[in-house]
Amino acid sequence: MSDPDPSGSRRFVVDEASVGDRLDVVLATLLGSSRTQAATRIRDGDVTVDGQPRPRSHRMVGGETVVVAAVEEPIPTPAPPMPPVLHRDDDLLVIDKPAGLVVHPGHGHPDGTLVDALRAGGVPLAGGEDHRRGIVHRLDKDTSGTMLVACSEDAFTGLVAALRDRTVTRSYVALVDGTLPAPSGTIDVPLGRDPRDRTRFAADADGRHAVTHFAVQATGQRPDGRPVQLVACRLETGRTHQIRVHLAHAGTRVSGDTSYGASAAGAASLGLERPFLHALHLRLVHPVAGHDLGVEAPLPDDLVAVLAAAGIDPSVASAAAIEWPADVR
């Protein structure tokens, strides 16, 4: 039987029918839950038997009082403000994602995401699983800039196909520590999970095909005199962390990207508090209307200030200023 408790805990007295049974089996029956869920509550210290914590394998003798602590419901994070809208029509949206915003709910980020902001802003979202409806591609949490959102089913289908067929042109700007080996070029290196750290990626001969084109826009320096370069990058493929890993493979690091070996002190000297990576420009054929669509997200103020500290003119961080080699579409 279960008795109420002012604290919200649940209190049970073990009957004779449960004598000899394991605690996790008895608890699962009492709570109407799975045995795994019951074992988790025991492991987390939420369960006592006659006032004492017991292992899940503890055998019941009958007559004990089992108390299960109340579960504290997490306080939901308010939806973030709606990001700036760069383009909007009935079928799709292009937003300027701010740095620090996770795109959709996932492990460690159940709410407070871009998807929550879009829903709170009344944006219709189409296609995909519920937790990531409307999302056809992602930006890392600390990457800012242009991002497509599908608002109709036709747009979702068309955008997914366009990204798969590589007909969406995506251009980024990054500040890197050091200098690249050439003014422009192509990094064609397959990528896979880093075997030493599964949250990171690395060059992997058996990994997925990945191609990044780059063009150096300007060279500056940190206060310690070490060089930095502003680099335009164009994705031919869209692998996770692709630009960050490819630039590291080329002998530089995205400034502020300590996960891939960038200098924390060097970033601090420039006032940089995140990896300097910004999704500058998108170009595509509208998946429903059929017209050409080009959208640019201006460099945010925090990155403009970093360029100024490095002695680089922020005006070169624009789509119009980038001169791509003839063989880069």
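*Asks:* Go over the overall build of the protein with me, naming the residues and quoting the values.
*Replies:* In terms of regular secondary structure, the protein is built from 7 helices and 16 strands. Compactness check: the protein gives a C-alpha radius of gyration of 26 Å against a globular reference of 20 Å for 329 residues, more than 25% above the reference. In terms of overall dimensions, the protein has a C-alpha envelope of 85 × 50 × 40 Å along the principal axes. The buried share of the protein, reckoned over its 329 residues, is 45%.

*Asks:* An account of the side chain of histidine 281 is needed here, citing residue identities and associated values.
*Replies:* With respect to the element layout, histidine 281 can be found in strand S15 (residues 277-285). Once residues within four sequence positions are removed from consideration, histidine 281 is found in contact with Thr146, Thr169, Arg170, Ser171, Gly294, Val295, Glu296 and Ala319.

*Asks:* Give a detailed account of unusual backbone geometry, specifying residues and quantitative values.
*Replies:* Trans peptide bonds make up most of the peptide bonds, and negative phi angles are found at most residues other than glycine. Positive phi values are uncommon outside glycine, yet aspartate 50 reaches one of about 50 degrees. Take aspartate 50: it is sitting in the loop between strand S3 (47-49) and strand S4 (65-68).

*Asks:* Explain helix H2 (residues 35-43) to me, using residue names and the numbers behind them.
*Replies:* Residue pairs spaced three or four apart in an α-helix point in one direction, given the helix's 3.6 residues per turn. Looking only at H2, the buried set comprises Ala38, Ala39, Arg41 and Ile42. The buried residues of H2 occupy one face: seen down the axis, they fall within an arc of 160 degrees. Among the exposed residues of H2, those oriented more than 90 degrees off its buried face are Thr36 and Arg43. Where H2 is buried, its residues contact helix H1 (23-31), S3 and S4. Directly beyond the C-terminal end of H2, a positive phi value near 80 degrees is found at glycine 45.

*Asks:* Can you tell me about the pairing of S4, naming the residues and giving the values?
*Replies:* Within a regular beta strand, the side chains point alternately toward one face of the sheet and then the other, so they alternate between its two faces. Bridge analysis of strand S2 (residues 10-13) against S4 gives 4 bridges, and the strand direction is antiparallel. Of the residues in S4, the one forming a bridge with phenylalanine 12 is valine 66. In this structure, S3 lies alongside S4, joined through 3 bridges in antiparallel fashion. By the bridge assignment for S4, valine 47 is matched with valine 68.

About the cut-offs
- Residues numbered from 1 in each chain as written.
- Predicted model: local features only at pLDDT ≥ 70, side-chain atom pairs only at ≥ 80, totals over all residues.
- Heavy atoms only, no water.
- Helix = DSSP H or I, 4+ residues; strand = E, 2+ residues; numbered from the N terminus.
- Rg over C-alpha atoms; globule rule 2.2 N^0.38 Å.
- Buried < 20%, exposed > 50% of the residue type's maximum accessible area, 1.4 Å probe, protein only.
- Contact = heavy atoms within 4.5 Å.
- Arc of directions from axis to C-beta.
- Pairing = 2+ DSSP bridges.

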